[in-house]
Amino acid sequence: MLLVLAGCGSSSSSTSVTAPTTAQCAVTLTSNSLNMGASGGDGALTVDVNRECSWTAKPDVDWITLTSTPTGQGGATVSFRVAANPTASSRRGGIGVNDRRVDVTQAGA
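Residues numbered from 1 in each chain as written. Predicted model: local features only at pLDDT ≥ 70, side-chain atom pairs only at ≥ 80, totals over all residues. Heavy atoms only, no water.

### Focus: the state of the cysteines
For the record, the criterion: Two cysteine sulfurs form what is called a disulfide whenever their separation falls within 2.5 Å. A run of DSSP states H or I qualifies as a helix once it reaches four residues; a run of E qualifies as a strand once it reaches two. Both are numbered from the N-terminal end. The buried label goes to any residue with under 20% of its type's maximum accessible area, the exposed label to any with over 50%, and the partly exposed label to all in between, with areas taken from a 1.4 Å probe on protein chains only.
On inspection of all chains with the given rule, the structure shows one disulfide. For C25, the disulfide goes to C53, at an S-S distance of 2.0 Å. Across the S-S bond linking C25 and C53, the dihedral sits near -75 degrees, which makes this disulfide left-handed. On the criterion of sequence distance, the pair formed by C25 in the segment before β1 (28-31) and C53 in the loop between β3 (41-48) and β4 (54-59) is long-range, its members being 28 residues apart. Each member of the pair, C25 as well as C53, carries the same accessibility label: buried.

Below you can see the structure in the form of structure tokens.
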């Protein structure tokens, strides 16, 4: 049995991988439902970010709940639900995605 090995010399190469920078992963948010009626309802938030960048969404009040996955990578739509407001006063809360935030206001009952 004859075994032949061929090579291209003794040079070597390496690959360097770096994570996306903060500037590359800047998040832009848009929503179709920033002002909700007293009875509450559903809304959606569009997350626009480079496809290699990850994000996490989190409401900052207990009367807003996410109805879709709270994490992702690249652009996506985050669905949310606003509970009915039992008080006569309007209220304000928000949903944060990484270092950005969108305000949600709700009318009083």
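That covers the picture; the talk isn't over yet.
### Quick word on the pairing of strand β9 (residues 100-106)
Stated precisely, the cut-off is as follows: Any two strands are treated as partners once DSSP identifies two or more bridges connecting them.
Two strands pair when backbone bridges link them, and strand β2 (residues 35-36) and β9 are joined in this way by two bridges, in the parallel orientation. By the bridge assignment, M36 is partnered in β9 with Q106. Bridge count between strand β8 (residues 91-97) and β9: seven bridges; the pairing is antiparallel. In the strand pairing of β9, V97 is matched with R100. The turn linking β8 back onto β9 is made up of two residues, and N98 within it adopts a positive phi angle of 50 degrees.

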